Amino acid sequence: MANIIEPRVLKGFRDILPAGEIQRAGLMEKITKVYRSYGFVPIDTPVLEYSEILLRKSNGETEKQVFRFEDNGKRDVAMRFDLTVPFARFTAEHESELYFPFKRYHLAKVWRGEKPQAGRYREFVQCDIDTVGSDSAAADFEILSIMRAALAEIGVSDVTIHVNHRGIFNRFLAKIGAADKSEDILRSVDKLAKVGEEEVKKELVEYTGSDEKASEILKYISGAGDFDSTLDMLEKMAGGPDSDTQRMRDIRGMMKAAGIEATYVLDPSITRGLDYYTGVVYETFLNQLPSIGSVCSGGRYDNLAGLYTKTKLPGVGASIGLDRLIAGLEQLGKTSRKGSYLDAEIYCMDGNLSVHYQGVAAALRTKGINVEVFPEPKKMGQQYAVTEAKSVPWGLLIGSNEAEKNLVTLKNLATREQFNMITVEEAAEKILASKNQM
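Below is a short write-up of the structure. Every chain is numbered independently, its residues counted from 1 as its sequence is written. Only residues with pLDDT of 70 or above have their local features reported here, since the model is predicted, and side-chain atom pairs are shown and tallied only from 80 upward, although totals for entire chains, interfaces and linings are computed over all residues. Remark: hydrogens and water are excluded; side-chain values derive from all non-hydrogen atoms of the structure.

### Points about the overall build of the protein chain
On a plain count of helices and strands, the protein chain comes out with 17 helices and 16 strands. Overall, the C-alpha framework of the protein chain stretches about 90 × 60 × 50 Å when taken along its three principal axes. Per-residue burial over the protein chain gives 51% buried out of 438 residues. As presented, the protein chain carries roughly 21,300 Å² of accessible surface, and 49% of it is formed by carbon and sulfur atoms. His is not counted, nor are the chain ends; Lys and Arg add positive charge and Asp and Glu add negative charge. Where a charge sits is defined by one atom per residue type, namely NZ (Lys), CZ (Arg), CG (Asp) or CD (Glu). Treating the 57 positive side-chain charges of the protein chain as one cloud and the 63 negative ones as another, the clouds have centres 2 Å apart. Secondary structure is summarised from DSSP: a helix means a run of H or I of at least four residues, a strand means a run of E of at least two, and numbering begins at the N terminus for each. Note on exposure labels: buried denotes an accessible area under 20% of the residue type's maximum, exposed denotes more than 50%, and partly exposed covers the range between, all computed with a 1.4 Å probe on protein chains only. Working definition of accessibility: Shrake-Rupley area with a 1.4 Å probe, residue cover restricted to the visible protein chains.

### A look at the packing of aromatic side chains
Pairing of aromatic rings covers Phe, Tyr and Trp, the last counted by its six-membered ring, and requires centre-to-centre distances within 6.5 Å; plane angles under 30 degrees mean stacked, over 60 mean edge-to-face, and any other angle means tilted. Applying the stated criterion across every chain, the model contains 10 aromatic pairs. Measuring from centroid to centroid gives 5.0 Å for Phe169 and Tyr220, while their planes differ by 10°, and the two rings are stacked. In this pair, Phe169 is assigned in helix H6 (residues 166-175) and Tyr220 in helix H10 (residues 211-222), connecting sequence segments 51 residues apart. Take Phe169: its relative accessible area is 0%, and that puts it in the buried class.

### Digging into the sheet that holds strand E15 (residues 408-412)
Spatially, E13-E12-E14-E15-E16 is the arrangement adopted by the five strands of the open sheet, whose pairing is mixed. Edge strands, defined here as strands with exactly one partner in the open sheet, are strand E13 (371-373) and strand E16 (418-422). Taken over all neighbouring pairs, the strand axes of this sheet differ in orientation by 20° on average, direction set aside. In the sheet, strand E12 (residues 344-346) pairs with E13 via three bridges, with the strands oriented parallel. If you follow Ile346 over to E13, its bridge partner there is Val373. When DSSP finds two or more bridges between a pair of strands, those strands are recorded as paired. Helix axes use the C-alpha atoms of the stretch in contact, all axes being lines fitted to C-alpha atoms, and the angles between their N-to-C directions lie in the range 0 to 180 degrees.

### Comments concerning the packing of H6 against H10
Close contact between H6 and H10 brings their axes to 11 Å; oriented N to C, the two are set at 155°. As far as their axial angle goes, H10 and H6 are roughly antiparallel. For the pair H6 and H10, the crossing hand works out as right-handed. Here Ile168, Phe169, Phe172 and Leu173 of H6 come into contact with H10, specifically with Glu216, Ile217, Tyr220 and Ile221. For the contact of H6 with H10, a count of residues per class yields seven nonpolar, no polar and one charged. Every angle not falling under 35 degrees, over 145, or within 65 to 115 is termed oblique; those three ranges are roughly parallel, roughly antiparallel and roughly perpendicular. It is the rotation of the near helix from the far one that decides the hand of a crossing: anticlockwise by less than a right angle makes it left-handed, clockwise makes it right-handed. Two residues form a contact once any of their heavy atoms are found within 4.5 Å. As a working rule, the residues Ala, Val, Leu, Ile, Met, Phe, Trp, Tyr, Cys and Pro are called nonpolar, Asp, Glu, Lys and Arg charged, and the rest polar, with Gly in that last group.

### Remarks on helix H5 (residues 137-153)
Multiply 1.5 Å by the residue count of a helix minus one, and that product is the helix's expected span. The end-to-end C-alpha distance of H5 is 24 Å, a good match for the 24 Å that 17 residues give at a rise of 1.5 Å each. Of all 17 residues that make up H5, 12 are buried, and the element is covered over most of its length. Taken together, the buried positions of H5 are Ala137, Ala139, Asp140, Phe141, Glu142, Ile143, Leu144, Ser145, Ile146, Met147, Ala150 and Leu151. Immediately downstream of H5, the backbone of Gly155 shows phi near 85°, a positive value.

### Here we look at the environment of Asp135
With respect to the helices and strands, Asp135 occurs in the loop between strand E6 (123-132) and H5. Take Asp135: its relative accessible area is 40%, and that puts it in the partly exposed class. Note: C-alpha distance between Asp135 and Gly315 (180 residues apart in sequence) is 7.0 Å. Setting aside anything within four residues of it in sequence, one finds Asp135 in contact with Arg247, Arg300, Asp302 and Pro314. A 3.5 Å cut-off defines polar contacts: any pair of N or O atoms within that distance qualifies, except that in protein one atom must be a possible hydrogen donor and the other a possible acceptor, and neighbouring residues in sequence count only when both atoms are side-chain atoms. Polar contacts involving the side chain of Asp135 include one to the side chain of Arg247, which spans 3.0 Å.

### A short note on the side chain of Glu114
On the secondary structure map, Glu114 appears in the loop between strand E5 (102-111) and E6. For Glu114, the residues in contact, after removing those within four places along its chain, are Gln65, Arg120, Tyr121, Arg122 and Phe124.

### Considering the sheet that holds strand E4 (residues 76-79)
Remark on secondary structure: sheet strands pair via backbone hydrogen bonds, oriented parallel or antiparallel. With respect to topology, three strands assemble into an open sheet ordered E2-E4-E3, the strand pairing being antiparallel. On the outer flanks of this sheet lie strand E2 (48-50) and strand E3 (68-70), each paired with one strand and no other. Neighbour-to-neighbour, the strand axes of the sheet open up by a mean angle of 35°, direction not taken into account. Sheet analysis places E2 next to E4, joined by three bridges and oriented antiparallel. In the strand pairing of E4, Tyr50 is matched with Val77.

Right under this line is the structure:
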């Protein structure tokens, strides 16, 4: 007998069993529904891109995380590490075929060779939305509004969305004479929650060469309490009013007009590590589990598409990290583990009735019921065990007695309540009534 290869997956990757995939698919369907309701349309891009496409605008940390290799055609290629950079390439390449503003959504896998940890894998799903072709407060606010609406649709309403503006921060850094180190400073500040203020200050002193400047930066990112007070403080520290602070005031006004302002806080420590962000940036935290990190983030990246086209195509977008979100929901006990999409199972009590069973199943499906027929007349205990593993709510028992009269016995598999000798139509009504209450 040949040696058996041990079945295993790479570190940071995983198989997903039906219950987990049903949950993921259900969440993605709900998120997609919200994205579409705002007028966003779907696109798709390749998993592999030329490395220069993905890495031309990145920092050293990003390059370390990219899965990069030479393919069979001796081409230098890499697997996408997010959906934003491929979208920028897509927009430039198909510019003449698109209309602007162009609003797209894309739900797909991405790959990063980072250290696996709770809620963080090397292969994971992002649920992206982006608008290109509009540099407006309305476009910024729409993304922020969708983030809240999409999470609420999947039952995640206890969240806080932290908002900031990179432009105000850059003006502040220029004012204190630290603009030449802005990218290093931004990345250092972005690590505040992970490494703490003391460690961040050490890095800031190193980058700015001044304890005083480092202290000023820490004061800036500490904020001043509520949204409006913090914005007033940032404006003053950055040198006064400008288009960036006005943008934030406009967005704040739209939040209030929509009645959703309580969900958002102005947090100057939110900078986003990727250097293609140029304007408003944001991160979303579960209020009951902030330690898991941001489950939805993004921002404005006015210059990203400029890497591939001379046309100015300002953009703004956000991404829900589905796997991290699910990990958070699991910790909070808010996940469903249903193992199938079935509403009912027709048990095979008599192999001679197989044809009849298929007729009943067809009749139930025409009424919108998801049903399957157990394929073999195994012991009823074995059949029940399978449906229990799938979390099927209803069972139909049809023996020769029921078949002769074209009736069924319907059983609620959770409560064990039975409805004996009823019509297929009556069974369908009960199943649908129960389904509609869920």
